[in-house]
Amino acid sequence: MIVQKSQSFLTKSFPIVTRRYPTTSATLRGAGINHSDDWWGRGGPPQKIPGRNDIWEGTTNNKASSAAAGDDGSPAATTTKKARRTPRAYKQLYRHDGPKQSHAACYATDDPASFLLKCNYTRDEVETASREFPALLTSLDVTRHLLPKIRFLIHTLGGGDTVVAVNDGNGDGDVLRVSPLGKSLPPQYFGCRLEKTLAPRHAYLAFINSSDLPYGIDLLRSSDGAYRDAFFAAASQSSSVLPFVSFCNDYDGRNRRHTVEDVEAFESLFRRGLLFAARGWHVSTMATEIGPGRLVSLLLEHGADPEERDR
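Remember, it's a predicted structure, so these values are computed and weren't measured experimentally.

(A) Just the pattern of salt bridges, in detail. As enumerated under the stated definition, the model contains 5 salt bridges in all. A salt bridge links glutamate 267 to arginine 201; its shortest N-O distance comes to 2.7 Å. Pair noted here: glutamate 267 is in helix α15 (residues 260–271) and arginine 201 is in helix α11 (residues 194–208), with a separation of 66 residues, a long-range link. Exposure remark for glutamate 267: the relative accessible area of 3% places this residue in the buried category. Among the ionic contacts, a cluster of salt bridges with common partners joins Arg201, Glu267 and Arg271.

(B) Quick peek at helix α14 (residues 242–251). Three or more residues of α14 are buried, namely Phe244, Val245, Phe247, Cys248 and Asn249. On its buried side, α14 packs onto α11, α13 (225–235) and α15.

(C) Layout of the packing of aromatic side chains. All chains considered together, the criterion is met by 14 aromatic pairs. With a centroid separation of 6.3 Å and an interplanar angle of 80°, the aromatic rings of tyrosine 94 and phenylalanine 152 are classed as edge-to-face. Linking tyrosine 94 in the loop between α4 (60–69) and α5 (104–107) with phenylalanine 152 in helix α9 (residues 142–156), this pair joins segments that are 58 residues apart in sequence. Here tyrosine 94 falls in the buried class, since its relative accessible area comes to 7%. Since its relative accessible area comes to 0%, phenylalanine 152 is described here as buried. Aromatic rings pair up to connect Tyr189, Phe190, Tyr204, Phe207, Tyr227, Phe231, Phe232, Phe244, Phe247, Tyr251, Phe266 and Phe270 into one cluster. Sitting over the face of the ring of tyrosine 121, lysine 183 holds its NZ or CZ atom 5.9 Å from the ring centroid. Taking the ring centre of phenylalanine 276 as reference, the NZ or CZ of arginine 272 above it sits at 4.8 Å.

(D) Just unusual backbone geometry, in detail. A positive phi angle is found at asparagine 120, which is not glycine, with a value near 85°. Relative to the elements of secondary structure, asparagine 120 occurs in the loop between α6 (112–118) and α7 (123–132). Unusually for a residue other than glycine, asparagine 209 sits at a positive phi of about 55°. With a relative accessible area of 51%, asparagine 209 lands in the exposed category.

(E) Main features of the confidence of the model for the protein chain. When the pLDDT values of the protein chain are averaged, the result is 75; 60% of them are 70 or greater. Across the protein chain, element-level confidence peaks in α7 with a mean pLDDT of 95 and bottoms out in α4 with 46. Scored below 50 in pLDDT, residues 32–41 shows 17 contacts in the model against residues more than four places distant or in partner chains. Between residues 167–171, whose pLDDT stays under 50, and residues either more than four places distant or in other chains, the model counts 6 contacts.

(F) Main features of the environment of leucine 213. Within the element layout of this structure, leucine 213 appears in the loop between α11 and α12 (217–221). Taking C-alpha positions, leucine 213 is 6.7 Å from tyrosine 251, a pair spaced 38 residues apart along the chain. Discounting chain neighbours no more than four positions away, the residues touching leucine 213 are Leu205, Ile208, Tyr227, Phe247, Cys248, Tyr251, Asp252 and His258.

(G) A look at the environment of arginine 309. The topology assignment puts arginine 309 in the segment after α17 (292–301). Considering only alpha carbons, one finds arginine 309 and leucine 275, 34 residues apart in sequence, at a separation of 7.6 Å.

(H) How the structure looks around α15. With 12 residues, α15 should cover 16 Å at 1.5 Å per step; its first-to-last C-alpha distance of 16 Å lies within 8% of that length. Every buried residue of α15 is accounted for by Asp262, Val263, Ala265, Phe266, Glu267, Leu269 and Phe270. For α15, the elements touching its buried residues are α11, α14, α16 (274–279) and α17. Once α15 finishes, glycine 273 follows within two positions and takes phi at roughly 100°, a positive value.

(I) The packing of α13 against α14, seen in detail. Closest axis-to-axis distance for the α13/α14 pair is 8 Å, and the angle between their directions is 155°. Comparing their axes, α14 and α13 come out roughly antiparallel. Crossing of α13 over α14 shows left-handed handedness. Residues Ala226, Tyr227, Ala230, Phe231 and Ala234 of α13 pack against Pro243, Phe244, Phe247 and Tyr251 of α14. Here the contact of α13 with α14 is built from residues that sort into 9 nonpolar, no polar and no charged.

Here is what the cut-offs are and how they apply
Residues numbered from 1 in each chain as written. Predicted model: local features only at pLDDT ≥ 70, side-chain atom pairs only at ≥ 80, totals over all residues. Heavy atoms only, no water. Salt bridge = Lys/Arg side-chain N within 4 Å of Asp/Glu carboxyl O. Helix = DSSP H or I, 4+ residues; strand = E, 2+ residues; numbered from the N terminus. Buried < 20%, exposed > 50% of the residue type's maximum accessible area, 1.4 Å probe, protein only. Contact = heavy atoms within 4.5 Å. Phe/Tyr/Trp six-rings, centres within 6.5 Å; stacked < 30°, edge-to-face > 60°. Lys NZ or Arg CZ within 6 Å of the ring centre and 35° of its normal. pLDDT = per-residue confidence, 0-100. Expected span 1.5 Å × (residues − 1). Axes fitted to C-alpha atoms, helices over the stretch in contact; angles between N-to-C directions. Parallel < 35°, antiparallel > 145°, perpendicular 65-115°, else oblique. Left-handed = near helix turned anticlockwise from the far one by under 90°. Nonpolar A, V, L, I, M, F, W, Y, C, P; charged D, E, K, R; others polar.

Following this line, the structure appears as structure tokens:
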């Protein structure tokens, strides 16, 4: 009698709770369990030993898992946060068209010779240039190589202008016209790497702003042809900045000496692009500090897209 009363007392005081385990495929998937007819898999242990809060029916975690996976067997939806783009070196100069600026007429051909003829070169000038620089008509692409450098020649160096052409047979658009001053450049100019060497080193001259180191249209108008040729020879050297540093020191009559460290620091900042400069993230290691505003101005003058945005 005492034993029976004790058992009755325990049953009333501590009722037995029966836990029901999941039976739906969605619940099993939500718990991370191997999904098959036999949830233990093919005779082996489960992929994940479920915790008590994972497998009880009606718990918050299980409801969220079921909602994510779906009762119809559809896979669980995953959401990933888009990573912020890290500023890096990339092709950024004169690769865009502004809202009021189109080069449809120039883009209409993929032939380098035809493109140069559209840009006011004569047939004899194209043939002469191809003999001096054979890669001009055989290895260079109109869209990726010639067009950006023609725009750089006209808008940054001042070696031409833009003529608005309407209904010229290739669609409306602006036609680039290289001036005789611009055509005086050696054809090796088109072999320079625009973003890596040509634009950063020309921008360095603009930043230094020395009367002994002319830039822009003054570079083209320089009475000393050796100075112009020496600059483009130094700008074509992509393996080292030492030739360009020697060029600056040879022609700059001031007491300041240009160093490899200064030129490399400037080129590194310039190649980072407009968004990097506008945010002011850089820490200049140059002897002469360059602020974000000045760097942004130089980039815009050398063909950066003023409407560039984070992608």
